[in-house]
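One-letter residues, chain by chain:
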Amino acid sequence: MKFHGALARCVAFSTLQQLTLAQSAQELIDSVLNPDPDSATYSSYSSEIYYNATLYNQTPIASTNYDRLEASAKLRLPAAAYDYAAGGAGLGKTVAANRKAFDQWQIVPRMMRDVLPHRNLSTNLFGRTLPAPVVMAPVGVQTLFHPTGERATAKVFGELGLPYTLSTATSTGFADVAEANGDGSPRWYQLYWPSDDDLTRSYLRSAKENGYEVLVVTVDTWDLGWRTRDLDRGFFPFIRGIGVQIGLEDSCAHEKLGFNPLAPNATAEQKQTAALYHVITTSRGISPVWRNLTKLREFWGDGPIVLKGIQTAEDAQMAVEYGIDGIILSNHGGRQVDGAIGSLEALPSIVEAVKGKITIGFDGGIRSGADIYKAIALGADFVQLGRPVLWGLAHEGEKGVRHVLKSLLAEFDLTVGLSGCETLDQVNSTFLQRVE
Ligand SMILES: Cc1cc2nc3c(=O)[nH]c(=O)nc-3n(C[C@H](O)[C@H](O)[C@H](O)COP(=O)(O)O)c2cc1C
């Protein structure tokens, strides 16, 4: 028997449903414990867990708590891979500030409002209706965390109908990720803007041909931050040929190199040269500039452009002036500038400056469903998940990713309901209070 309903909530909601629907006892139990899959809710993941543990003695593949999830991922991963993902720039102060910023807001739940088990968390982003305001952050080199890497994460986001963002530093190419993600799934492409226009055009063409609909341009990582954990090991995956697949597959790069590094007769030296060429052209230490956005718009053609890495109201306002469709408030998970402000700290001023004029995404430090709630309540139109998904990936690939994503969505759904809201647009800053 499939068990989708929430055991605990079954009791709580039964009175309400009997009153409103006048169902028989059996109908009511069936509707909660064994609903039509289309009507299963995110929050029902908790009852699925309790049911599997009770009947089959099966507990989840990883913890539902972020700290324990990260700790068990650490045990499973090679030390260099764990450090690559966990680490930040310098002393790690920005990584810590991202978390601290969430602790500065507390949720103030309201009671006895009309709330039913089916909350409507759907939202519209760039012309698509999505079931929840949650997007996969662009994260490179995912095969470091499991051999299935981007294929696994793209598959799970596709299954759940949530946007998947492919990084320019991916270890799996455009077409393979698109195939894993599934026909018709919302796919975005994150550009590390090459210094060579021919390469930029070629990457964007491949993205479009493979169904990537939104262009996310990362503007904070045109040179690599001072990443002490990686520096101490001398660990830079790209020179080792991991995270350069887009460059290796690109026909324009082949022309520039004078060879195809993926040809059966390509030498190890040629592969290394091609890997270096990709890294150098995409993070050469030359900052992207506002005036070149006009050129990028021309290369990308129709379709939304989003700037990722914006941290001030002034830059958000500039994005509006340049006719950009969205921004993502992000400090790259604290990996670029050490001692910077926590991402969430910048959200209220950015919302005040540009809300309604441009779509506002947010990432940096989201570790739970309650964190998603706080960012949405402060005015973000969507949030991105980074490290939690990687720690999930370290637990048997797609299984672990699915568990982490379903857990975050379940807790978010519950937090929306338990704070007294039924739909996403009811979640606003009146449900938060700032604490010192
Ligand atoms: C291992 C790792 C790789 C990343 N790779 C990229 C990338 O290729 N492109 C990009 O724009 N951001 C990249 N990011 C930053 C994420 O998109 C996102 O901004 C960050 O993970 C948010 O912080 P959080 O994961 O701590 O919540 C990466 C982050 C991590 C942890």
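Cut-off values and rules
Residues numbered from 1 in each chain as written. Predicted model: local features only at pLDDT ≥ 70, side-chain atom pairs only at ≥ 80, totals over all residues. Helix = DSSP H or I, 4+ residues; strand = E, 2+ residues; numbered from the N terminus. Rg over C-alpha atoms; globule rule 2.2 N^0.38 Å. Buried ≥ 20, exposed ≤ 12 C-beta atoms within 10 Å, placed from the backbone. Near = placed C-beta within 6 Å. Nonpolar A, V, L, I, M, F, W, Y, C, P; charged D, E, K, R; others polar. Contact = placed C-beta atoms within 7 Å. pLDDT = per-residue confidence, 0-100. UniProt positions renumbered as here; feature names shortened; annotations may be inferred. Axes fitted to C-alpha atoms, helices over the stretch in contact; angles between N-to-C directions. Parallel < 35°, antiparallel > 145°, perpendicular 65-115°, else oblique. Pairing = 2+ DSSP bridges. Right-handed = clockwise from strand over helix to strand, strands pointing away. Arc of directions from axis to C-beta.

### Section: the overall build of the protein
At step 1: Assigned secondary structure in the protein consists of 19 helices and 12 strands.
At step 2: Whereas a compact globule of 436 residues would reach a radius of gyration of roughly 22 Å, the protein reaches 22 Å, a difference of no more than 12%.
At step 3: Projected onto the principal axes, the alpha-carbon positions of the protein cover approximately 75 × 50 × 40 Å.
At step 4: Residue burial in the protein is summarised as follows: out of 436 residues, 48% are buried.

### Overview of the site of the ligand
At step 1: If you check the shell around the ligand, you find 21 residues, and the closest are A137, G140, S167, G333 and G386.
At step 2: Here the residues of the shell around the ligand sort into 7 nonpolar, 11 polar and 3 charged.

### A short note on unusual backbone geometry
At step 1: Unlike most non-glycine residues, F126 shows phi in positive territory, near 50 degrees.
At step 2: Relative to the elements of secondary structure, F126 occurs in the loop between β2 (123-125) and β3 (128-130).
At step 3: In this structure, E396 is a non-glycine residue whose phi angle is positive, near 60 degrees.
At step 4: According to the C-beta neighbour criterion, E396 is partly exposed, with 17 such atoms within 10 Å.

### Describing the environment of L257
At step 1: Its location among the elements puts L257 in helix α12 (residues 251-257).
At step 2: On the basis of neighbour count, L257 is assigned to the partly exposed category, with 17 C-beta atoms found within 10 Å.
At step 3: In this structure the C-alpha to C-alpha distance between L257 and G392, which are 135 residues apart in sequence, comes to 37 Å.
At step 4: In contact with L257, not counting residues within four places along its chain, are T273, A274 and Y277.

### Things to note about the confidence of the model for the protein
At step 1: Predicted confidence across the protein gives a mean pLDDT of 94, with 95% of residues reaching 70 or more.
At step 2: In this model residues 1-19 is a low-confidence stretch, pLDDT under 50, and it forms 33 contacts with partners more than four residues away in sequence or in other chains.

### Structural notes on the UniProt feature "domain: FMN hydroxy acid dehydrogenase" (unreviewed entry) in the protein
At step 1: Per the UniProt annotation, the sites labelled "domain: FMN hydroxy acid dehydrogenase" (unreviewed entry) are residues 58-436.
At step 2: Along residues 58-436, the helical share is 42% and the strand share 12%, with 41 Å between the first and last C-alpha atoms.

### Regarding the packing of helix α6 (residues 93-103) against helix α16 (residues 343-354)
At step 1: At their nearest, the axes of α6 and α16 sit 6 Å apart, and the two run at 60 degrees to each other. One element, α6, and the other, α16, form an angle in the oblique class. Residues N98, A101 and F102 of α6 pack against S343, L344 and E345 of α16.
At step 2: Among the residues forming the contact of α6 with α16, the class breakdown is 3 nonpolar, 2 polar and 1 charged.

### Notes on the pairing of strand β8 (residues 305-310)
At step 1: Counting buried positions along β8 yields 6 of 6 residues, so the element is predominantly enclosed.
At step 2: Bridging between strand β7 (residues 214-218) and β8 involves 4 bridges; their strand directions are parallel. By the bridge assignment for β8, V217 is matched with L307.
At step 3: Bridging between β8 and strand β9 (residues 326-329) involves 4 bridges; their strand directions are parallel. Residue pairing across strands places I310 opposite L329, the latter belonging to β9.
At step 4: Handedness of the β8-helix α15 (residues 313-321)-β9 crossover: right-handed.

### Comments concerning helix α14 (residues 293-300)
At step 1: Those residues of α14 not exposed but buried are L293, L296 and W300. Each buried residue of α14 sits inside an arc of 55 degrees when the element is viewed along its axis, so together they form one side. α14 presents T294, K295 and E298 as exposed residues on the side facing more than 90 degrees away from its buried surface.
At step 2: Close packing links the buried residues of α14 with α9 (197-209), β7 and β8.
At step 3: After α14 finishes, the residue G301 shows a positive phi value of roughly 70 degrees.

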